[in-house]
Amino acid sequence: MSDDPIFSLIHTLGDTLDGLDVALCAFDENDCTLAWNRTFFKLFPEHEGHVYVGEPYHANLRRFYTERLDAQELPNIDRYIAAGVERHRAQTRPYSFEHRGLRVHVSSLPIAGVGRVRVWRAEAVQSPQEQEKLDKVGDASIHEPGYPRSPMVESTELFDRIPDGLMICGEDQHIQWVNEPFMQMYSLVDRAAATGLSFEDIYRGAWAADGPGDMAPFYEGLTILHEHMRFAGAPFEVPLPRNRWSRVIAKQGLDGTVFYAHVDITEFKRQQRRLAQAERSARDSEAQLREKSILLEATLENMDQGVAKISATGIVELCNRRALELLDLPVELMASKPSLVNVLAYLRARGEFDGASQEIQDLLLNSDGGVDQQQVYDRPRPDGRILEVQTVPIKGGGALRTFTDVTQRKQAEHRIRHVAEHDGLTGLLNRSAFLQTLQAAVPDARRQGQGFAVLYVDLDGFKPINDRFGHAVGDQLLAWVARQLAQAARENDVVARLGGDEFALLQRGVSDRDSALRLGERLVQAIAQPTEIESHFIQIGASVGIVMSSADATNAEELLRKADSAMYLAKASGRGCVRIYGA
């Protein structure tokens with residue numbers, strides 16, 4: 001189940017919705033729980049620590065109503081549960097109810113081959129006047145026992161409520177689905193108009209719909225698209241008609257599906273232009289400098305970005321309030337108009353650059369502090385936050401340097417990357433990520449003069465356990481095996497789940513077969529330990545194949561195939577044993 005692309009997509013979608021405070025819970029065709037995200041527990045904390053994969057929906061409802069119903073309504077709980085299950089199976093439109101002082105909107109959607117996905121979004125309860133307007137709009141309502149009745153939300157899918165545009169493409173880069181903000185951003189009449197087209201087609205259509213005008217930004221945008229749309233990589237920005245801008249952020253799933261978020265950064269671009277214009281005007285004359293400095297100061301003090309202006313002589317002439325906050329700089333120091341060298345020395349003495357890359361540290365050690373060239377880099381701070389630092393040289397000398405807190409964005413990107421590289425059930429690296437790690441280990445081992453071993457582990461007797469006790473027990477058993485392998489391995493070894501009941505381990509820094517053989521035997525012993533899952537006494541075994549690195553080994557796939565061959569030799573030798581390739 002965990003290897004199913006749709007199941008992985010649900011997990012990825014749940015993690016993405018966490019960033020929007022939207023709760024998600026998925027159920028199979030038998031109304032049993034499949035997956036949920038962290039926001040689900042934020043809205044319904046009574047489920048935390050109790051919900052599990054395979055739990056029937058009626059058990060979920062019983063826990064929900066047991067906590068909510070008062071003494072008068074509690075005798076009706078079975079009737080409420082039956083009605084809730086029926087509503088869950090038949091729901092086609094969103095509805096809302098009050099919950100813990102919030103108004104919660106819930107939508108449900110059937111998914112072929114999975115079952116049904118439910119999502120919840122909470123917002124502040126409307127004022128009596130706003131509630132009266134809602135009462136006039138809709139006359140249908142769904143009543144959750146224990147709460148006052150509330151009108152049905154007249155809306156489309158909850159994804160249309162996300163403020164940013166969302167575009168989903170297949171491996172061929174043709175659009176499969178877009179949300180309402182995307183349609184508004186690119187002047188589309190309906191969703192069907194986008195389906196099957198490429199983003200370039202949509203981009204051309206948006207400019208064509210705007211009519212004749214200055215087309216230079218359009219051709220600039222086409223060039224940017226051709227450079228970035230071939231691969232789902234770094235974010236990029238494209239100009240839109242009527243002086244608008246969109247920042248496009250892509251993330252590719254395991255099944256080749258690519259999610260594109262389109263963020264309207266028009267106001268951010270306007271702020272940048274205002275800064276540049278204010279800077280140019282400030283140099284025109286001393287009188288204009290005094291007048292424009294007031295506007296510049298007001299703009300700078302109300303920006304979300306930290307901004308510093310360094311003169312041609314290396315003096316930090318301007319530093320706004322946000323920059324002081326982000327860099328934890330004392331007001332007295334910056335009020336004295338210090339040199340950039342002194343500011344960097346102050347930050348360095350406090351360990352500000354300890355987490356930065358060597359390249360960034362070398363750049364900041366230069367006498368000019370790296371202000372002579374345009375650049376953008378991310379720098380971690382000692383408090384855990386991540387700053388995006390951008391330097392723009394000024395004609396005539398000096399530079400503008402901006403500081404943006406991108407911690408939340410980087411954390412979201414890390415979560416998405418973690419989902420793409422790790423097995424959702426065990427938390428171990430998946431096959432693709434393991435092969436990348438193994439491929440990187442080949443030149444590293446050759447350069448350092450140290451070998452390594454690849455161990456291929458296949459469980460013995462897993463299928464009968466899975467067939468007898470069900471997938472829920474089987475999944476828990478696989479998670480237990482993952483923990484056993486991780487405990488038996490060393491700290492710098494890499495453990496991965498290749499798929500099904502197959503695992504692999506990269507043992508670093510070994511050149512003799514005896515060390516690898518001892519580790520393989522420890523793995524067999526660790527997995528052979530009996531365990532108890534859901535009151536079932538379970539014992540399985542494992543067969544391990546090993547391949548040692550060699551001077552002519554260059555391909556990770558080849559090494560894994562040889563370890564696999566050794567594993568099958570171990571199975572043929574009676575299972576529960578270890579064999580080394582070529583021995």
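Calculation criteria
- Numbering of residues starts from 1 in every chain and runs along the sequence as written.
- Reporting of local features is limited, given that this is a predicted model, to residues whose pLDDT is at least 70; pairs of side-chain atoms are given and counted only at 80 or more, and all residues count toward the totals for whole chains, interfaces and linings.
- In computing side-chain properties, one takes all heavy atoms of the structure into account and sets aside hydrogens as well as water.
- Two strands qualify as a pair provided DSSP detects at least 2 bridges between them.
- Runs of E in the DSSP output that reach at least two residues are strands. Runs of H or I that reach at least four are helices, and both are numbered from the N terminus.
- For every element, the axis is a line fit to its C-alpha atoms; helices are fit only across the contacting stretch, and the angle between N-to-C directions ranges from 0 to 180 degrees.
- We call two residues in contact whenever any of their non-hydrogen atoms come within 4.5 Å of each other.
- For our purposes a nonpolar core is just a set of buried Ala, Val, Leu, Ile, Met, Phe, Trp, Tyr and Cys residues, chained together by side-chain atoms within 4.5 Å.
- Accessibility here uses a 1.4 Å probe with only protein chains present; expressed as a share of the type maximum, an area under 20% marks a residue as buried, one over 50% as exposed, and anything in between as partly exposed.
- Whether two aromatic rings pair depends on their centres lying within 6.5 Å, for rings of Phe, Tyr and Trp, where Trp uses its six-membered ring; planes under 30 degrees apart make the pair stacked, over 60 edge-to-face, and the rest tilted.
- In this scheme, the term charge over a ring applies when either NZ of a lysine or CZ of an arginine sits within 6 Å of the ring centre and within 35 degrees of the ring normal.
- Here, a salt bridge means any Lys or Arg side-chain nitrogen found within 4 Å of an Asp or Glu carboxyl oxygen.
- Polar contacts here mean pairs of N or O atoms no more than 3.5 Å apart (in protein, one a potential hydrogen donor and the other a potential acceptor; neighbouring residues in sequence count only if both atoms are side-chain atoms).

Here we look at the sheet that holds strand β1 (residues 22-28)
Thought 1: Taken in spatial order, the 5 strands make up an open sheet running β2-β1-β5-β4-β3, and their pairing is antiparallel. What marks the edges here is a single partner per strand, and that holds for β2 (33-36) and β3 (95-99). For this sheet, the mean inter-axis angle between neighbouring strands, taken without regard to orientation, is 25°.
Thought 2: Both β1 and strand β5 (residues 115-124) contribute to a ladder of 7 bridges, which runs antiparallel. By the bridge assignment, F27 is partnered in β5 with R116.
Thought 3: Along the sheet, helix α4 (residues 77-90) contacts β1, β3, β4 (102-111) and β5; its crossing angle with β5, the most-contacted strand, is approximately 105°.

Regarding the nonpolar core
Thought 1: Within the largest apolar cluster, 35 residues are counted, with the highest numbers of intra-cluster contacts made by L459, F503 and I546.
Thought 2: Those elements that provide at least two residues to this core are β18 (452-460), α17 (462-469), α18 (471-488), β20 (502-508), α19 (513-527), β23 (541-548) and β24 (578-580).
Thought 3: For this core, the element with the highest residue contribution is α18, accounting for 8 residues.
Thought 4: In this view, L459 contacts L478, V481, D501, F503, I527, I540, G541, A542 and K571; residues no more than four positions away in its chain are not counted.
Thought 5: In terms of nonpolar packing, the next biggest core, distinct from the first, is built from 27 residues, W207, L225, A250 and Y260 among them.

A look at the environment of P338
Thought 1: Along the polypeptide, P338 turns up in the loop between α12 (331-335) and α13 (340-349).
Thought 2: The exposure class of P338 is buried, given its relative accessible area of 7%.
Thought 3: In sequence terms P338 and I310 are 28 residues apart; their C-alpha atoms lie 10.0 Å from each other.
Thought 4: Contacts of P338, omitting those with residues within four sequence positions, involve I315, V316, L333 and V343.

Concerning the packing of aromatic side chains
Thought 1: Across all of its chains, the model carries 15 aromatic pairs by this definition.
Thought 2: Centre to centre, the rings of F40 and F44 are 5.6 Å apart; their planes meet at 55°, and the pair counts as tilted.
Thought 3: Ring centres of Y203 and F218 lie 5.9 Å apart, and the angle between their planes is 15°; on these two criteria the pair is classed as stacked. Linking Y203 in helix α7 (residues 199-209) with F218 in helix α8 (residues 216-228), this pair joins segments that are 15 residues apart in sequence.
Thought 4: Residue F218 is classed as buried on the basis of its relative accessible area, which comes to 6%.
Thought 5: Across the ring face of W245, the terminal group of K269 is positioned such that the distance to the ring centre comes to 4.6 Å.

Description of the pattern of salt bridges
Thought 1: Taken as a whole and assessed by the stated rule, the structure comprises 34 salt bridges.
Thought 2: Between R38 and D18 there is a salt bridge, with its nearest N and O atoms 3.4 Å apart. Within this pair, whereas R38 is found in helix α2 (residues 38-43), its partner D18 is found in helix α1 (residues 5-18), the two being separated by 20 residues in sequence.
Thought 3: For R38, a relative accessible area of 45% puts it in the partly exposed group.
Thought 4: For D18, a relative accessible area of 10% gives the class buried.
Thought 5: In this structure, E325 and R322 form a salt bridge, with 3.2 Å as the shortest nitrogen-oxygen distance. Remark: R322 and E325 occur in helix α11 (residues 321-327); sequence separation between them is 3 residues, near one turn of the helix.
Thought 6: Residue class for R322 comes out partly exposed when judged on its relative accessible area of 22%.
Thought 7: Salt bridges sharing partners connect three or more residues here, namely D328, R350, E352, R379, R381, D383, R385 and D405.

Looking at unusual backbone geometry
Residues other than glycine predominantly adopt negative phi, and peptide bonds predominantly adopt the trans conformation.
Thought 1: Residues other than glycine seldom take positive phi values, yet D31 does so here, at roughly 65°.
Thought 2: Note that D31 resides in the loop between β1 and β2.
Thought 3: You can call D31 buried: its relative accessible area is 10%.
Thought 4: At S535, a position not held by glycine, the phi torsion is positive, near 70°.
Thought 5: With respect to the secondary-structure elements, S535 resides in the loop between β21 (531-533) and β22 (536-538).

Brief notes about the environment of L329
Thought 1: Of note, L329 is situated in the loop between α11 and α12.
Thought 2: Judged by its relative accessible area of 7%, L329 is buried.
Thought 3: Measuring from C-alpha to C-alpha, the distance between L329 and V343 comes to 8.7 Å, with 14 residues separating the pair along the chain.
Thought 4: Dropping the residues within four chain positions of it, L329 is found in contact with L324, M334, V343, Y346 and L347.

Section: the side chain of E388
Thought 1: By the secondary structure assignment, E388 is in strand β16 (residues 386-393).
Thought 2: On the basis of relative accessible area, E388 is assigned to the buried category, the value being 18%.
Thought 3: For E388, the side chain forms a polar contact with the side chain of R409, separated by 3.3 Å.
Thought 4: Aside from chain neighbours lying at most four places away, what touches E388 is V376, Y377, D378, T402, F403, T404, V406 and R409.

Remarks on the sheet that holds β18
Thought 1: Taken in spatial order, the 5 strands make up an open sheet running β19-β20-β18-β23-β24, and their pairing is mixed. A single partner strand is all that each edge strand has here, and the edge strands are β19 (494-499) and β24. Each strand axis lies, on average, 20° off the axis of its neighbour in the sheet, ignoring direction.
Thought 2: Both β18 and β23 contribute to a ladder of 8 bridges, which runs antiparallel. The residue of β23 that forms the bridge with V454 is V547.
Thought 3: Where α18 meets the sheet, it contacts β18, β19 and β20, and its direction lies at approximately 10° from that of β20.
Thought 4: Across the sheet, α19 lies against β18, β20, β23 and β24, angled at about 165° from β23, the strand it touches most.

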